[in-house]
Amino acid sequence: MPGIVVDRLCIDFPLYHGQSRSLKRQVGKTLTRFAPSSPSAHLMHDQRERTIVSVLREISFTLRSGERLGLIGSNGAGKTTLLRALAGIYEPVAGRVRLEGTMRTLLDSSLGMNPDLTGRENIRLKGRYEGLSRQQIDRIEQDVQDFAELGPYMDMPVKAYSAGMSVRLAFGLATASAPEILLMDEWFLAGDGIFMNKARTRLEELVQKAEILVLSTHQPEIMRQWCTRVLWLENGHVRMDASPDEVLDVYLAHTG
Amino acid sequence: MEDMNARSPVLVLEPQRGWGLVRSAAADLRAGLRLFPLAAALGWLDIKMRYRGSILGPLWLTLSTAVMIGATGVVYGYLFHMDLKTYLPFLSLSIVLWGYIGTVVNDAGTVFTQNTPLFHSMRIPASLPVMQVIVRNLLILLHNIVVVAVVFAVFRIWPHQIWSLLFSLPVWIVDSFCVILLIGMLGARFRDIAPIVASLMQIFFFVTPVIWKPELITTGRQYLLLDPFYSLLEIVRAPLLGRTVDAVVWGAALGHSVLLWLLAAILFCRMRSRIPYWI
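Residues numbered from 1 in each chain as written. Chains lettered and ligands numbered in written order. Predicted model: local features only at pLDDT ≥ 70, side-chain atom pairs only at ≥ 80, totals over all residues. Heavy atoms only, no water.

Mind showing me how you'd approach the overall build of chain B here?
Along its length, chain B carries 11 helices and one strand. Of the regular secondary structure in chain B, the N- to C-terminal order runs β-α-α-α-α-α-α-α-α-α-α-α. Over its C-alpha atoms chain B spans a radius of gyration of 21 Å, differing by no more than 12% from the 19 Å that the globule rule assigns to 279 residues. Along the first, second and third principal axes, the C-alpha set of chain B runs to 65 × 50 × 35 Å. The 279 residues of chain B split such that 50% are buried. Surface summary for chain B: the accessible area is close to 13,500 Å², and the carbon and sulfur share equals 71%. (Helix = DSSP H or I, 4+ residues; strand = E, 2+ residues; numbered from the N terminus. Rg over C-alpha atoms; globule rule 2.2 N^0.38 Å. Buried < 20%, exposed > 50% of the residue type's maximum accessible area, 1.4 Å probe, protein only. Areas by Shrake-Rupley, 256 points an atom, 1.4 Å probe, with all protein chains shown as cover.)

Here it is in structure tokens:
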């Protein structure tokens, strides 16, 4: 049974600004410990403590099969970090995340694609990263080719693509197969006209097939339409966790 | 930790302590090894992409090595008053092997930082890009070996004791893996590591008997054993040139290797989960 359990999840980021990240500082710190009067000792005295940004603090929630969670909040509230923590990219600093089910992450519009490789090569590589079989990859390649309508560009390096073409390729690839758990950031909703309609249908199909969806977006109408539950994040805390209508009414009133 | 055999894969993420660190590091290694075919494909693509659109393609690797060996051979052969018939085979083998060592160590510093978009778009075993660097450099090595073969053929020398590679190459592969992992993690945390390593390797190139023969040092040759690159180079190079490797050289090679493995293992267990935070 697919499910997500997040228990008191905390994510902190060390800030390595300029000199604070350098080896000099670290060596200085060590020297200071051994020989407090050595010339390098003064290097550290003023800023011994590492600067830490606490992005997520004590987040807890449970998602069962069939639930579609929307993440809302201002920029910097921790939405993308939470998605990455769910994807297992950032392992918890404290707390626990347990995921059961096949997972697909649509976090970054480039999907980690290599601009020097052709569209086709990128599709095949992506399939291999996810550990798919050759037949599955063949099917996905055909599917993306039909959807993205790149024609001869399929065999050209991705860096030669127009912005629209690379979005079509990335989107087609990202939505080519349905996982049990789908984690999405909002980039895929940016687009235009005809493509958007086509994309919308394809995305809806995918969302229907996925058993659990976690979606981060700024667009309230999409949330009302797709989500069964909304989590409002503010400065790394859960401000509200309820049905879309309840949260969105308060949220929209709050942000004006 | 991932359990791929279960019908629905389960992923549990939490801060680890003690043996938990070792177990999750081992799980990461296993996940990486399962992706080895992908790492091999990526390593090959690296080379293909570098030479995409060039006429000679990867043959440039072979050609530039040949030019390098030819030029160095004539100049240093003259300077050191060496007989080219013995010096050139030695030099070609040395330079090609050092080429592998040098680029592996230099590539190591940026192995994780170069893959930032990938590491931020999905969960990736840390060993995947590490294996990619090894495969890429082994392929370059294979291209360069052609030059050595030609030099050996010209001087009608047959490589001796080829069986010794059965023992020395595995040590090299494991060492490559550990050194890339180790320097890669340090390089992800401290951006100064890559340039520091690059200049250190410059020094090691001259300190280590690569272009000069170890026999040139008459007194204090035992201190060469402190240079990890000397013993590691020697266990591959000497048998092929028909010299026997002293037990003490093999001992030094293994000693340095074990030290490296331990360091890499400890650091990997402790730091593995921090890599995506750093890059």
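Okay, back to it.
Can you walk me through the domain arrangement of chain B in this structure?
Size of an interface, as often reported, equals the accessible area lost when the parts are brought together. Residues and elements named next belong to chain B. According to the domain assignment, chain B contains domain 1 (1–34) and domain 2 (36–271). Between the C-alpha centres of domain 1 and domain 2 the distance comes to 32 Å. Each side of the interface is counted separately: domain 1 has 13 residues, and domain 2 has 11 residues. Roughly 910 Å² is buried in total at the junction of domain 1 and domain 2, and carbon and sulfur atoms are behind 64% of that figure. Considering only the surface of domain 1 that becomes buried against domain 2, Asp28, Leu29 and Gly32 emerge as the three largest contributors, covering 41% of it. (Domains from an automatic or database assignment. Contact = heavy atoms within 4.5 Å. Buried area = accessible area lost by both parts, 1.4 Å probe.)

What exactly am I supposed to notice about the interface of chain B and chain A here?
Chain B puts 39 residues into the contact, and the matching count from chain A is 44 residues. A combined buried area of about 3,700 Å² lies between chain B and chain A, and 57% of that area is made up of carbon and sulfur atoms. Put simply, chain B and chain A have four salt bridges between them. A:Glu121 is the salt-bridge partner of B:Lys48, the closest N and O atoms lying 3.8 Å from each other. Applying the counting criterion to the chain B and chain A interface returns 10 residue pairs in polar contact (both at pLDDT 80 or more). Only β1 (10–13), α2 (36–50), α5 (116–121), α7 (165–189), α8 (193–207) and α11 (275–278) of chain B provide two or more residues apiece to the side of chain B that touches chain A. No other element matches α2(B), which puts seven residues into the side of chain B that touches chain A. When the residues that make up the side of chain B that touches chain A are grouped by side-chain class, the tally is 26 nonpolar, four polar and nine charged. The sheet contact formed by strand β4 (residues 94–100) of chain A and β1(B) spans four bridges and is antiparallel. If you follow A:Val97 over to β1(B), its bridge partner there is B:Leu13. (Salt bridge = Lys/Arg side-chain N within 4 Å of Asp/Glu carboxyl O. Polar contact = N/O pair within 3.5 Å; in protein donor to acceptor, adjacent residues only side chain to side chain. Nonpolar A, V, L, I, M, F, W, Y, C, P; charged D, E, K, R; others polar. Pairing = 2+ DSSP bridges.)

Which parts of the structure should I look at to understand the state of the cysteines?
Two cysteines, two sulfur atoms, one covalent bond between them: this is a disulfide. Residue and element names in this part refer to chain B. Applying the stated criterion across every chain yields a total of zero disulfides over all chains. Free of any disulfide, cysteine 178 has its nearest neighbouring cysteine sulfur in cysteine 269, separated by 11 Å. When its relative accessible area of 11% is taken as the criterion, cysteine 178 is described as buried. (Disulfide = S-S within 2.5 Å.)

Even after reading the chapter, I still don't get helix α9 (residues 244–255) of chain A, so can you show me in this structure?
Every α-helix winds through 3.6 residues per turn, so residues three or four apart in the chain are directed the same way. All names here are of chain A. Compared with the 16 Å implied by 1.5 Å per residue over 12 residues, the 16 Å span of α9 between its first and last C-alpha is a close match. If you check which residues of α9 are buried, you get Pro244, Val247, Leu248 and Tyr251. Projected down its long axis, α9 carries its buried residues within an arc of 95 degrees, all on one side. Elements in contact with the buried residues of α9: β3 (68–72), α8 (220–226), β8 (229–234) and β9 (237–242). (Expected span 1.5 Å × (residues − 1). Arc of directions from axis to C-beta.)

Looking at this structure, how should I read the pattern of salt bridges?
Where charged atoms from two side chains of opposite charge come close, those side chains can pair. Counted by the stated rule, this structure contains 22 salt bridges over all chains. We note a salt bridge from A:Arg124 to A:Glu141, for which the minimum N-O separation is 2.2 Å. Of this pair, A:Arg124 sits in helix α4 (residues 119–129) while A:Glu141 is found in helix α5 (residues 134–148), placing the two residues 17 residues apart along the sequence. The class of A:Glu141 is buried, set by a relative accessible area of 11%. Put simply, B:Arg136 and B:Asp107 hold a salt bridge, and the shortest N to O gap is 2.9 Å. With B:Arg136 in helix α6 (residues 127–154) and B:Asp107 in helix α4 (residues 84–108), the pair connects residues that are 29 residues apart, well separated along the chain. A relative accessible area of 11% means that B:Arg136 is categorised as buried. When salt bridges with common partners are traced through the structure, they connect A:Arg120, A:Arg124, A:Asp138, A:Glu141 and A:Asp155 into a single cluster.

Explanation requested: the side chain of B:Asn137 in the structure shown.
Residues and elements named next belong to chain B. Here asparagine 137 lies in helix α6. Residue asparagine 137 is classed as buried on the basis of its relative accessible area of 2%. Dropping the residues within four chain positions of it, asparagine 137 is found in contact with Tyr100, Thr103, Val104 and Asp107.

Where do I start with unusual backbone geometry in this structure?
Residues and elements named next belong to chain B. In this structure, arginine 156 is a non-glycine residue whose phi angle is positive, near 50 degrees. One can find arginine 156 in the loop between α6 and α7. Even without being a glycine, glutamine 161 presents a positive backbone phi close to 45 degrees. The topology assignment puts glutamine 161 in the loop between α6 and α7.

Hey, could you run me through the UniProt feature "transmembrane region" (unreviewed entry) in chain B in this one?
Per the UniProt entry, the sites bearing "transmembrane region" (unreviewed entry) are residues 59–81, 87–112, 133–155, 161–186, 193–212 and 247–269 of chain B in this numbering. Its end C-alpha atoms 33 Å apart, residues 247–269 of chain B is made of 100% helix and 0% strand. (UniProt positions renumbered as here; feature names shortened; annotations may be inferred.)

Would you mind going over the environment of A:Glu121 with me for this structure?
Of note, A:Glu121 is situated in helix α4. Here the alpha-carbon distance between A:Glu121 and A:Gly172, two residues 51 residues apart in the chain, equals 14 Å. Setting aside anything within four residues of it in sequence, one finds A:Glu121 in contact with B:Leu45, B:Lys48 and B:Arg52.

Looking at this model, I keep getting lost on helix α6 (residues 163–174) of chain A. Mind explaining?
Between its terminal C-alpha atoms α6(A) stretches 16 Å, which fits the 16 Å expected from 12 residues at 1.5 Å a residue. For α6(A), every residue scored as buried is listed here: A:Met165, A:Leu169, A:Ala170, A:Phe171, A:Gly172, A:Leu173 and A:Ala174.

How should the sheet that holds strand β2 (residues 52–64) of chain A be read in this particular structure?
Note: strands within a sheet are paired through backbone hydrogen bonds, in either parallel or antiparallel orientation. The four strands lie next to each other as β2(A)-β1(A)-β4(A)-β1(B), forming an open sheet whose pairing is antiparallel. Two strands in the sheet have a free side with no partner beyond their single neighbour: β2 of chain A together with β1 of chain B. Across the sheet, the mean angle separating the axes of adjacent strands is 15 degrees when strand polarity is ignored. Its contacts with the sheet place helix α3 (residues 79–86) of chain A against β1 (3–14), β2 and β4 of chain A together with β1 of chain B, and it is angled at close to 120 degrees to β1(A). (Axes fitted to C-alpha atoms, helices over the stretch in contact; angles between N-to-C directions.)

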